[in-house]
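Okay, here's what each chain looks like letter by letter:
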Amino acid sequence: MTVSVLGRRLPAAATYMASLGAALLLLLLTIGAALWQAERSVELNHAVRDSLETRSQLRLLLRSLQDAETSQRGYLLTGDETYLRPYLASRDEAPRSVDALARAAGDDARRLAEALRLRELSAGKFDEIAQTISLYRNGRQNEAMLIVQSDRGKELMDELRGVIAAAEAREQTDIVEQMAAVDRSARQLRVIVIFAGLVLVAIGALLVIIVRNAMRELRTSRDEALSAHERLLQEMGGREQAEAKVRQMQKMDAIGQLTGGVAHDFNNMLAVIISALQLAQRRLARGETDISRFTDAAMDAARRAATLTSRLLAFARRTPLSPSVLDVNRVVGGMSELLRRTLGEQIEFETVLAGGVWRVAADVSELENAIINVCVNARDAMSGGGKLTIETANAFLDEAYASANIDVAPGQYVMIAVTDTGAGMPPEVKAKVFEPFYTTKEVGKGTGLGLSHVHGFLKQSGGHVSIYSEVGHGTTVKLYLPRTSLAEAEAPRPALMEDLPAGDPATLILVVEDEERVRTLSVASLRELGYTVLHADSGAQALDILEKNPGAALMFTDIVMPGMSGRKLADEAKRRWPTLKVLYTTGYTQNAIVHNGVVDADARLLLKPYSLSDLARKIRAVLDEPS
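Residue indices follow the written sequence of each chain, beginning from 1 at its first position. Where local features are concerned, this predicted model is filtered to residues with pLDDT of at least 70; where side-chain atom pairs are given and counted, the filter is 80 or more; whole-chain, interface and lining totals use all residues. Based on all heavy atoms of the structure, the side-chain values leave hydrogens and waters out of the count.

Chemist: Lay out the sheet that holds strand 7 (residues 411–420) in plain terms, naming residues and giving numbers.
Modeler: The sheet built from five strands is open, its strands ordered 4-6-7-9-8 with mixed pairing. Taken across any chain shown, the strands that pair with only one partner, and hence form the sheet edges, are strand 4 (347–353) and strand 8 (464–470). On average, adjacent strands in this sheet sit at an angle of 20° to one another, irrespective of strand direction. The sheet contact formed by strand 4 and strand 6 (residues 386–397) spans seven bridges and is parallel. A pair of strands counts as paired when DSSP detects no fewer than two bridges linking them. Going along the chain from the N terminus, every DSSP run of H or I of four or more residues is numbered as a helix, and every run of E of two or more is numbered as a strand. Angles shown run from 0 to 180 degrees and are taken between the N-to-C directions of axes, each axis being a line fitted to C-alpha atoms and, for helices, limited to the stretch in contact.

Chemist: Tell me what's going on with the nonpolar core, and back it up with residues and numbers.
Modeler: By nonpolar core is meant a set of buried Ala, Val, Leu, Ile, Met, Phe, Trp, Tyr and Cys residues that side-chain atoms within 4.5 Å join together. Burial status follows relative accessibility: with a 1.4 Å probe on protein chains alone, a residue under 20% of its type maximum counts as buried, one over 50% as exposed, and anything between as partly exposed. Among the nonpolar cores identified, the biggest contains 36 residues, and Leu367, Ile371, Cys375, Leu388, Ile390 and Leu479 are the most heavily contacted of them. Grouped together as the second largest cluster of nonpolar side chains are 28 residues, Leu58, Tyr75, Leu84 and Ala94 included.

Chemist: Quick rundown of a positive patch on the surface? Include the residues and the values.
Modeler: The grouping of Arg184, Arg187, Arg190, Arg216, Arg219 and Arg222 at the surface amounts to a positive patch. Broken down by secondary-structure element, the contributors of at least two residues to the positive patch are helix 5 (152–199) and helix 6 (201–285). On the secondary structure map, Arg216 appears in helix 6. Think of a patch as exposed residues, more than 30% relative accessible area, with no salt bridge, where like charges cluster within 9 Å and nonpolar side chains (Val, Leu, Ile, Met, Phe, Trp, Tyr) cluster within 5 Å. Each accessible area is a Shrake-Rupley estimate made with a 1.4 Å probe; only the visible protein chains count as cover when residues are assessed. Whenever Lys or Arg places a side-chain nitrogen within 4 Å of a carboxyl oxygen from Asp or Glu, that contact is recorded as a salt bridge. Positive charges come from Lys and Arg, negative ones from Asp and Glu, while His and the chain ends are left out of the count. To locate a charge, the coordinates of NZ of Lys, CZ of Arg, CG of Asp or CD of Glu are taken.

Chemist: Lay out the pattern of salt bridges in plain terms, naming residues and giving numbers.
Modeler: Taken as a whole and judged by the stated rule, the model has 26 salt bridges. Residues Glu143 and Arg140 are paired through a salt bridge, measuring 2.6 Å at the closest nitrogen-oxygen approach. Under the relative-accessibility criterion, Arg140 is labelled partly exposed at 38%. In this structure, the salt-bridge partner of Glu572 is Arg576, at a minimum N-O distance of 2.8 Å. Taken as a pair, Glu572 and Arg576 lie in helix 15 (residues 566–576) at a separation of four residues, close to a single helical turn. Looking at Glu572, the relative accessible area reads 21%, which means it is partly exposed. Within the structure, one salt-bridge network assembled from shared partners comprises Asp108, Arg110, Glu114, Arg170 and Asp174.

Chemist: Which residues make up the pairing of strand 12 (residues 554–558), and what values go with them?
Modeler: With five of five residues buried, strand 12 lies mostly within the body of the structure. A two-sided burial pattern is seen for strand 12, the buried positions comprising Leu554, Phe556 and Asp558 on one face and Met555 and Thr557 on the other. In this sheet, strand 12 lies alongside strand 10 (residues 508–512) in parallel orientation, the contact comprising four bridges. Across the sheet, Ile509 pairs through a bridge with Leu554, a residue of strand 12. Pairing between strand 12 and strand 13 (residues 581–586): five bridges, direction parallel. Its bridge partner lying in strand 13, Asp558 is registered against Thr585. Once the chain exits strand 12 it traverses helix 15 before rejoining the sheet at strand 13, and the crossover so formed is right-handed. Crossover handedness is defined here as right-handed if the route from the first strand over the helix to the second strand goes clockwise, with the strands pointing away from the viewer.

Chemist: Could you give an account of the side chain of Thr476, naming the residues involved and the relevant values?
Modeler: By the element assignment, Thr476 lies in strand 9 (residues 474–482). Pairing of N or O atoms within 3.5 Å defines a polar contact, subject to two protein rules: one partner must be a possible hydrogen donor and the other a possible acceptor, and residues neighboring in sequence count only if both atoms are side-chain atoms. A distance of 3.0 Å separates a polar atom in the side chain of Thr476 from a polar atom in the side chain of Thr419. Whether two residues are in contact is decided by their heavy atoms: any pair within 4.5 Å suffices. When neighbours within four sequence positions are excluded, Thr476 is seen to be in contact with Ala417, Val418, Thr419, Ser466, Ile467 and Tyr468.

Chemist: Hey, could you go over a nonpolar patch on the surface for me, with residue numbers and the actual values?
Modeler: Together, Phe195, Leu198 and Val199 line one region of the surface with nonpolar side chains, adding up to about 350 Å² of accessible area. For Leu198, the position within the fold is in helix 5.

Chemist: With reference to specific residues and values, describe the environment of Leu526.
Modeler: By the secondary structure assignment, Leu526 is in helix 13 (residues 516–529). Spatially, the C-alpha atoms of Leu526 and Ala502 are 10.0 Å apart, while their sequence positions differ by 24 residues. Setting aside its immediate chain neighbours within four residues, Leu526 contacts Ile509, Val511, Tyr531, Val533, Phe556, Leu615 and Ile619.

Chemist: Give a detailed account of the packing of aromatic side chains, specifying residues and quantitative values.
Modeler: Describing an aromatic ring pair means giving the distance of the ring centres and the angle of the ring planes. Stacked, tilted and edge-to-face pairs are distinguished by plane angle, under 30 degrees for stacked and over 60 for edge-to-face with tilted covering the rest, among Phe, Tyr and Trp rings (Trp via its six-membered ring) whose centres lie within 6.5 Å. A complete count under the given rule lists four aromatic pairs for this structure. The interplanar angle of 85° and the centroid separation of 6.3 Å between the aromatic rings of Tyr413 and Tyr480 together place this pair among those described as edge-to-face. Taken together, the residues Tyr413 in strand 7 and Tyr480 in strand 9 connect sequence positions 67 residues apart. There is no split in this pair, since Tyr413 and Tyr480 are both buried.

Chemist: Summarise the environment of Thr476; cite the residues concerned and give the values.
Modeler: Its relative accessible area of 16% is what places Thr476 among the buried residues. Along the backbone, Thr476 and Val418 are 58 residues apart, and their C-alpha atoms lie at a distance of 5.5 Å.

Chemist: Residues and numbers for the confidence of the model for the protein, please.
Modeler: Every residue carries a pLDDT, the predictor's confidence in it, which falls somewhere between 0 and 100. The predicted model of the protein averages 78 in pLDDT, with 76% of residues at 70 or higher. Every residue in residues 314–318 scores below 50 in pLDDT, and together they form 17 contacts with partners more than four places removed in sequence or on other chains. Within the model, pLDDT remains below 50 along residues 491–498, and this stretch shows three contacts once partners closer than five positions in the same chain are excluded.

Chemist: Please provide a residue-by-residue account of the sheet that holds strand 11 (residues 532–536), values included.
Modeler: Whether parallel or antiparallel, the strands of a sheet pair through hydrogen bonds between backbone atoms. Within the open sheet, the five strands sit side by side as 11-10-12-13-16. Their pairing is parallel. Each having just a single partner strand, strand 11 and strand 16 (605–607) make up the two edges of the open sheet. Strand-to-strand twist in this sheet, taken as the mean axis angle between neighbours without regard to direction, amounts to 20°. Sheet strands in contact with helix 15 are strand 10, strand 12 and strand 13, and its direction is about 160° off that of strand 12.

Chemist: Could you give an account of helix 14 (residues 539–548), with specific residues and numbers?
Modeler: By the burial criterion, the buried members of helix 14 are Gly539, Ala542, Leu543, Ile545 and Leu546. Buried residues in helix 14, looked at end-on, bunch into an arc of 160°, giving them a common side. Each element contacted by the buried residues of helix 14 is listed here: strand 10, strand 11, strand 12 and helix 15. Arc, as used here, means the arc of the directions from the helix axis to the C-beta atoms.

Chemist: Help me get a handle on the packing of helix 3 (residues 109–137) against helix 5, residues and values and all.
Modeler: To describe two helices that pack against each other, one gives the angle between their axes and the distance between the axes. Where helix 3 meets helix 5, the closest approach of the two axes is 10 Å, and the angle between their N-to-C directions is 155°. Looking at the two axes, helix 3 sits roughly antiparallel to helix 5. Crossing angle aside, the handedness with which helix 3 passes helix 5 is left-handed. Taken together, the residues of helix 5 that come into contact with helix 3 (itself represented by Arg110, Arg111, Glu114, Arg117, Leu118, Leu121, Ser122, Gly124, Lys125, Glu128 and Gln131) are Arg152, Gly153, Leu156, Met157, Glu159, Leu160, Val163, Ile164, Ala167, Arg170, Glu171 and Asp174. Its residues assigned to classes, the contact of helix 3 with helix 5 shows eight nonpolar, four polar and eleven charged. Throughout this description, any angle smaller than 35 degrees is read as roughly parallel, any larger than 145 degrees as roughly antiparallel, any in the 65 to 115 degree range as roughly perpendicular, and the remainder as oblique. Crossing handedness is defined as follows: a turn of the near helix away from the far one that is anticlockwise and smaller than a right angle gives a left-handed crossing, while the clockwise case is right-handed. Put simply, Ala, Val, Leu, Ile, Met, Phe, Trp, Tyr, Cys and Pro go in the nonpolar bin, Asp, Glu, Lys and Arg in the charged bin, and everything else, Gly too, in the polar bin.

Structural data, given as structure tokens:
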């Protein structure tokens, strides 16, 4: 039996078998082509997800570096440690993003090279930020700002942005190319399906439906992936805004606590001063002269206000320090009798001074104040009596300790440990003890500035303070001061405190102060001491007076004045009259003669507010110095 095929007669069985074989072969080819296309679609889905994840990690890495850079700038501008929180988070987050990029790269040489380059650049950027922060903490702000202004960090960030932009562009190009390849194979598959449909309509139609469904799913997956990417970008933007709001709220809370504490304490002191002076005025108006208790109360409140200001400046690391090389054992030993009287008879006091303790460079007055503050807190923690021990020792703070305490530089230190057997502190109290105006004492029993003063002084001196406490077992406060290789200077002879040094009418002093009330009282104080005094309200007027009175022995000048500052005035006056001696005064320490918290070696400074005895002794000391 035959059949007619294109006008030719062919055996039916052979023709059927050939047709069936051709149909089966076409079916297998069509099925194979469809399976191949489906596999390409699955691969494209995986590629799209991998590309989105890679781009997400790239953006996270860039955001981490930008947060770290913003944190660096905020800290270098303000010195506020809370600004470093984004930097610390970014420092941990960025390596994870780079590791994710390296894992995603697999065997792809280009992606792997990009991940390695991003690791190098991000590490370099964090090293640069860490270097500036370390310099700033060590009081070397100018060096830190020079690094920022050197554009090294900007160049690193520019290259980082370039590498990330190139990687994102490559990812986008790869996805577009893969999608185009899938689209081309889809068009080829349609031709095969149409050709197969001429022979096997049913199978061809079914395959067309399957392919169209697959393409529809592919496009749907692509649209969903793009939509997810847009949502991710929106969520990232919203999170950044929320973080910025939280940081602002934290900053305002801290400012509110600080200003509230300052206002409360100052209002109390001003209330005493105003009331005492008003009562003294009323009694004087009635002809009564028994006003000593009122003036004493006003003076006591004024001194407490000055102490509060000093502690605030110490907390802010703005106290001008006059460091000298010290033997810590000698300082502690010299304070022993004072501390015994301060602690009282209920407290058993002991000192354990190690041999061979290294020298330190610190302001001896501030160090003594810090030790007294810690001891007084320890005494108050032992209301029913107890034992207080002061120990000294050499200490080495290693890299592990410095890593656990970000504001500590590893190295050699001298430790002063004050241990009490008091009630101890729970963790929530310990976490706040260095905050200004935080106190657990009863109202009127403490200002909450003692330990914040200690903390500020030690940080300004390049040191560190730590607290170890356990409820019911007492507390140990450890003060660390960095070791110095300088030799200890001869201890100055203590000044006699009984009588004020008398002035000589033959000694002419020029007072330069732009604030009229301060100038009037300064002039009156110096005349009360017995000196001959002239005064000026500006640098220009002071130079005119010196021209007319070249025999002036000393110029007592404010530093911060409009026009010509006290430092510029002193430089010009010393140039014209080399024998003229200069004593500076100021109520704020960040000025021309205090650098990195330390008073210039050639400058003599009397901080406002000062008492008549402070003024008398400082004037006498400057006048007695050799020219």
